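Residue-level structural notes
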Amino acid sequence: MFDVIPPSKQLTPTTSALQLFDRAMQLRAISADIVRAAQYLDSFSDQELSELGINRSDLDDTIQRFT
């Protein structure tokens, strides 16, 4: 009879690399959205941001981090 070899749960290097690349591209796309949202919110007054519970310094940090 044939020996049955159970499928390995470990990914091949190619599969793993493709998944990492795909994830990186998704994160890059999300980063652009985050920056656009932060730039939009940056146009709000300090009072409006305060009412939303957002600090302007957090917006500045976010914009700098993702650009």
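Residues numbered from 1 in each chain as written. Predicted model: local features only at pLDDT ≥ 70, side-chain atom pairs only at ≥ 80, totals over all residues. Heavy atoms only, no water.

A few points about the overall build of the protein chain
Within the protein chain, the secondary structure is distributed over 3 helices and 0 strands. Written out in order from the N terminus, the α and β elements of the protein chain read α-α-α. Accessible surface for the protein chain amounts to roughly 6,000 Å². Of this, 58% is attributable to carbon and sulfur atoms. (Helix = DSSP H or I, 4+ residues; strand = E, 2+ residues; numbered from the N terminus. Areas by Shrake-Rupley, 256 points an atom, 1.4 Å probe, with all protein chains shown as cover.)

Quick word on helix H3 (residues 56–66)
Turning to H3, its buried residues number three or more, namely Leu59, Thr62 and Ile63. The buried residues of H3 occupy one face: seen down the axis, they fall within an arc of 95°. The outward face of H3, more than 90 degrees from its buried face, is lined by the exposed residues Gln64 and Arg65. Close packing links the buried residues of H3 with helix H1 (13–42) and helix H2 (46–52). (Buried < 20%, exposed > 50% of the residue type's maximum accessible area, 1.4 Å probe, protein only. Arc of directions from axis to C-beta. Contact = heavy atoms within 4.5 Å.)

Quick word on the packing of H1 against H3
The geometry of a pair of packed helices is captured by two quantities: the angle between their axes and the separation between those axes. Running from amino to carboxyl end, H1 crosses H3 at an angle of 150°, the nearest separation of the two axes being 9 Å. In terms of axis orientation, H1 runs roughly antiparallel to H3. With respect to the hand of their crossing, H1 and H3 are arranged in left-handed fashion. Residues Ser31, Ile34, Val35, Ala38, Gln39, Leu41 and Asp42 of H1 touch H3, and the partners they reach there are Arg56, Leu59, Asp60, Thr62, Ile63 and Phe66. Looking at the contact of H1 with H3, its residues break down into 7 nonpolar, 3 polar and 3 charged. (Axes fitted to C-alpha atoms, helices over the stretch in contact; angles between N-to-C directions. Parallel < 35°, antiparallel > 145°, perpendicular 65-115°, else oblique. Left-handed = near helix turned anticlockwise from the far one by under 90°. Nonpolar A, V, L, I, M, F, W, Y, C, P; charged D, E, K, R; others polar.)

Side note on the pattern of salt bridges
One pass over the structure, following the stated rule, counts 3 salt bridges. In this structure, Arg36 and Asp33 form a salt bridge, with 2.4 Å as the shortest nitrogen-oxygen distance. On the criterion of helical spacing, the pair formed by Arg36 and Asp33 is a turn pair, its members being 3 residues apart in helix H1. (Salt bridge = Lys/Arg side-chain N within 4 Å of Asp/Glu carboxyl O.)

Thoughts on the packing of aromatic side chains
Under the definition given, this model contains 1 aromatic pair. Centroid distance Tyr40 to Phe44: 5.4 Å. Interplanar angle 70°. Geometry classified as edge-to-face. (Phe/Tyr/Trp six-rings, centres within 6.5 Å; stacked < 30°, edge-to-face > 60°.)

So, the side chain of Thr62
Looking at the secondary structure, you find Thr62 in helix H3. You can call Thr62 buried: its relative accessible area is 18%. Discounting chain neighbours no more than four positions away, the residues touching Thr62 are Ile34 and Ala38.

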